[in-house]
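The chain contents come next:
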Amino acid sequence: MAQARISAKASEGAQPPQQPQQQQQSGGQLRGRFYRSTSMADRSSRLLENLDQLELRVEAFRDAASAMEQEKEILLEMIHNIQNSQDMRHISEGEREELNLTANRLMGRTLTVEVSVETIRNAQQQESLLHATKMIDEIVNKLLDDLEDAKMRLMSLYGACTSDVPAGPIDQKFQSVVIGCAIEDQKKIKRRLETLLRNLENSEKSITLLEHQKSSVRQSCNSKQD
């Protein structure tokens, strides 16, 4: 009996302890979790890098579309200027008709291109844009009443949109309204004012040239009478 007890105790002593084994298993699980976390971090980093690259491409895409919008406006303005130029008035009726047909065809083809870049605005920016547009429209609607006054007022609005030193007074009220607009809208407002001022300048040149021609015709008639 005593020998059997000694053998049983010896067998128990020969067995390895259970607690270190559990710790080893627990350590393996910790190491596994650590490896999984590292892998997730790598994937997240790669995804973020891809989105950063896509963001650059999206902005480049919007810039290209915006440039196409501007090109469309420029083309339409140039065609319109040719149709209303003094040179068109000093050619034969047949030639003028043929050139107008070509100009109308080009304008029609230009208008078939639809390019639109939507600007994301909050409520305040939307209200500022509507206010700025209304201020410009009010001046445009009075162009025929007083061309010179309308030009001066448009120049004061344009001076409020540019960082350069303006040649004349600045409309402070309009400037505060434009500052409240989205950046893209500020650029569009400035371009619209530039276009209006160019058209006014061309109109003034046409009127001046026409008056000069009328004066020359009158002088020629007076000379003949003398």
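Calculation criteria
- Residues numbered from 1 in each chain as written.
- Predicted model: local features only at pLDDT ≥ 70, side-chain atom pairs only at ≥ 80, totals over all residues.
- Heavy atoms only, no water.
- Patch = residues over 30% accessible without salt bridge, like charges linked within 9 Å, V, L, I, M, F, W, Y side chains within 5 Å.
- Areas by Shrake-Rupley, 256 points an atom, 1.4 Å probe, with all protein chains shown as cover.
- Salt bridge = Lys/Arg side-chain N within 4 Å of Asp/Glu carboxyl O.
- Lys, Arg positive; Asp, Glu negative; His and termini not counted.
- Charge placed at Lys NZ, Arg CZ, Asp CG, Glu CD.
- Helix = DSSP H or I, 4+ residues; strand = E, 2+ residues; numbered from the N terminus.
- Axes fitted to C-alpha atoms, helices over the stretch in contact; angles between N-to-C directions.
- Left-handed = near helix turned anticlockwise from the far one by under 90°.
- Contact = heavy atoms within 4.5 Å.
- Nonpolar A, V, L, I, M, F, W, Y, C, P; charged D, E, K, R; others polar.
- pLDDT = per-residue confidence, 0-100.

**Description of a negative patch on the surface**
Working step 1: Side chains of Glu49, Asp52, Glu55, Glu59 and Asp63 sit close together on the surface and give a patch of like negative charge.
Working step 2: Along the polypeptide, Glu49 turns up in helix H2 (residues 18-83).

**Focus on the packing of helix H5 (residues 123-140) against helix H7 (residues 172-179)**
Working step 1: The contact between H5 and H7 brings their axes to 8 Å, and the two run at 145 degrees. Our pair here, H5 against H7, has a crossing hand that is left-handed. Between H5 and H7, the contacting residues are Ser128, His131, Ala132, Met135 and Ile136 on the first element and Lys173, Phe174 and Val177 on the second.
Working step 2: Classifying every residue of the contact of H5 with H7 by side-chain character gives 5 nonpolar, 2 polar and 1 charged.

**Some thoughts on the confidence of the model for the protein chain**
Interpreting fine coordinate detail is not advised for predicted regions of low pLDDT.
Working step 1: Per-residue pLDDT for the protein chain has a mean of 80; in total, 72% of the residues score no lower than 70.
Working step 2: Within the model, pLDDT remains below 50 along residues 20-30, and this stretch shows 0 contacts once partners closer than five positions in the same chain are excluded.
Working step 3: Note on residues 209-218: pLDDT is under 50 here. Beyond four places in sequence and across chains, it has 3 contacts.

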